[in-house]
Amino acid sequence: MSLLKRIEGATTSTSPALSPPPTSVPPAAGNGGRSTTPLPTGRLLGATGQLRPLGSELSVVGRANGARDALADLRARVQDRLIQEIGTDVDFSQVGEMRKRVQNMFDSILEQEGTQLTRADRTRLFESVVADILGLGPIQPLLDDETVSEVMVNGPRKVYVERKGKLQKTDVAFVDDGHVLRIIDRIISPLGRRCDESSPYVDARLQDGSRVNAIIPPLALDGPTITIRKFSKSPLTVDDLISFGTLSPEMASFLKAAVECRLNLIVSGGTGSGKTTLLNVLSSFIPEDERIITIEDSAELQLRQDHVVRLESKPANIEGKGAVSIRDLVRNALRMRPERIVVGECRGGEALDMLQAMNTGHDGSMTTAHANTPRDMLARLETMCLMAGMDLPLRAIREQVSKAIEVIVQQSRMKDGSRKVTHITEVQGMEGDVIVLQDIFVYEQTGMDENGKIMGRLRPTGIRPKFIDKFEMQGVHLPPSVFGADRLF
């Protein structure tokens, strides 16, 4: 039996007998025994978890089982009946038609219930129920909000969002832990993944490609936790990044030339720095007539070329078998006649296979990895190669890295929430036992304004990379001004 079903069963079996309305709500089953906020008399819990005035029309409905107020209990009954009547006949591809169908059933059930509601309460109740049936419950409006870039559910009572790089707490709330677990199940069930006691965390994605991570008790002490990183319905372009100040026009011209001339690139940066978004933009420079293989843990890349083969890793089943790792997919991709291999993120031993692919004719490959500076990126690559289980000397690994990687693009999330490409660095080769790096473009911070916004400039260093001859041989000509030859620093 799954953890979700056990929690729902515990809620039913431990419900207290009817009693006079208490002044506060006792801990709900499945809520880890934590106390909840007292509910004052004459107020009710709305669809978003806010306390709202209780109209006289609802005063005839008592608190069911002494734990929920009138509207919350009515909502539970109506939703249960709707789910029973709809059954499995839910077509999520026709949301408009399904919404009309749910509306008709909802009106019919309310008439049978004989409960009188104000128009505002009726609308609020319907939107809450339909969000649970056709969407992702209380957080559906946040996912529909284009200004929200990330949604974070820290248990049933704390929901945060990210807007313009800043975290904000919302007034959205779930009913209890079981409610959050049902939303997690709604997300992962279509993907054939699971989240239970034996596997209490999972990575998944929404239909629009947004990345989802869920982790549940006993690992999450404050209740089931969901983190959703949204992706724009229309992928960002290089012009968008220039307008945001992430890139300069000179940087964009150089990176476009680097991709067209099949240089091997790594995009490095911290969590939330925008690596995947930048990788999407760089991938858009790949010519249409090339075969592209993408490899990811959760499919997030939004390539617009026609000839793209998308591969996704697979976790182990309930018996601990059947797992397919990124490393397995990289090896398999080499047998699929790739012209470009794009790995969503290197985290382990697949880095060694990726380096070998880059050194054996698969030029133009790209990937991302976590690192704080270009030099840190090299150290991370060495560590990941050692994770492959091969007893290689450090110099041999560094030789592989220096010959495979040609450009490191470092992206950072600044203190004010903005994202900047802080370094574009050339890997020049080996000198002794050290890999030589040379910055081509850098970001210089000059200060902060009175509003806390970081001030600075993206500038070329004035040094032309060694592989500029490769550009010329491919027929790509960059003017000297791109590298700052006409400027004084």
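Description of the structure in this document. Computed from a prediction, not measured in an experiment: that's the story for all the values here.

**As for the overall build of the protein**
Each helix and strand in the protein was counted, giving 14 helices and 17 strands. The proportion of buried residues among the 489 residues of the protein is 48%. Summarising the internal contacts of the protein: among those between residues at least 6 apart in sequence, 56% fall at separations of at least 24.

**A few points about the pairing of strand E15 (residues 419–431)**
Here strand E14 (residues 407–413) pairs with E15 via 7 bridges, running antiparallel. Of the residues in E15, the one forming a bridge with Ile408 is Thr425. The turn linking E14 back onto E15 is made up of 5 residues, and Gly417 within it adopts a positive phi angle of 95°. Looking at chain direction, E15 and strand E16 (residues 434–448) are connected through 8 bridges and run antiparallel. Residue pairing across strands places Glu431 opposite Val434, the latter belonging to E16. Connecting the antiparallel pair E15 and E16 is a turn made up of 2 residues, with Gly432 showing a positive phi of about 70°.

**Regarding the packing of aromatic side chains**
The description of two aromatic rings rests on the distance between their centres and on the angle between their planes. This model, assessed by the stated rule, comprises 6 aromatic pairs. Seen in terms of ring centroids, Phe254 and Phe471 are 6.0 Å apart; in terms of plane orientation they differ by 50°. Their pairing is tilted. Here Phe471 lies in helix H14 (residues 468–473) and Phe254 lies in helix H8 (residues 249–260), a separation of 217 residues in the sequence. We note that Phe254, like Phe471, is buried. An aromatic cluster is built from Phe254, Phe441, Phe467, Phe471 and Phe483, whose rings are joined through pairwise contacts.

**Quick word on the packing of helix H11 (residues 350–358) against helix H12 (residues 374–386)**
Two elements in contact, H11 and H12, have axes separated by 6 Å at closest approach and are oriented at 105°. Judged by the angle between their axes, H11 and H12 are roughly perpendicular. Contact with H11, carried on its side by Ala351, Leu352 and Leu355, involves Leu381, Met384 and Cys385 of H12 and no other residues of that element. Its residues assigned to classes, the contact of H11 with H12 comprises 6 nonpolar, no polar and no charged.

**Some remarks on the sheet that holds strand E7 (residues 211–215)**
Strand pairs in the sheet, formed through backbone hydrogen bonds, run parallel or antiparallel to each other. Across the sheet, 6 strands lie side by side as E5-E4-E3-E8-E7-E6; this open sheet has antiparallel pairing. Here the strands that pair on one side only, and so sit at the sheet edges, are strand E5 (166–169) and strand E6 (201–205). Along the sheet, successive strands turn relative to each other by an average axial angle of 15°, direction set aside. Pairing between strand E4 (residues 159–163) and E5: 4 bridges, direction antiparallel. The partner of Val161 across the bridge, within E5, is Gln168. Against the sheet, helix H6 (residues 177–188) touches strand E3 (150–154), E6, E7 and strand E8 (225–229), its axis set at about 50° to E6.

**A few points about helix H10 (residues 326–333)**
Along H10, the residues classified as buried are Ile326, Arg327, Leu329, Val330 and Ala333. The buried side chains of H10 occupy one side of the element, clustering within an arc of 160° when seen end-on. Those residues of H10 hidden inside the fold are in contact with strand E10 (292–296), strand E11 (308–312), strand E12 (340–343) and H11.

Scoring rules and cut-offs
Residues numbered from 1 in each chain as written. Predicted model: local features only at pLDDT ≥ 70, side-chain atom pairs only at ≥ 80, totals over all residues. Heavy atoms only, no water. Helix = DSSP H or I, 4+ residues; strand = E, 2+ residues; numbered from the N terminus. Buried < 20%, exposed > 50% of the residue type's maximum accessible area, 1.4 Å probe, protein only. Contact = heavy atoms within 4.5 Å. Pairing = 2+ DSSP bridges. Phe/Tyr/Trp six-rings, centres within 6.5 Å; stacked < 30°, edge-to-face > 60°. Axes fitted to C-alpha atoms, helices over the stretch in contact; angles between N-to-C directions. Parallel < 35°, antiparallel > 145°, perpendicular 65-115°, else oblique. Nonpolar A, V, L, I, M, F, W, Y, C, P; charged D, E, K, R; others polar. Arc of directions from axis to C-beta.

Treat this as a map of the structure, not an account of what it does.
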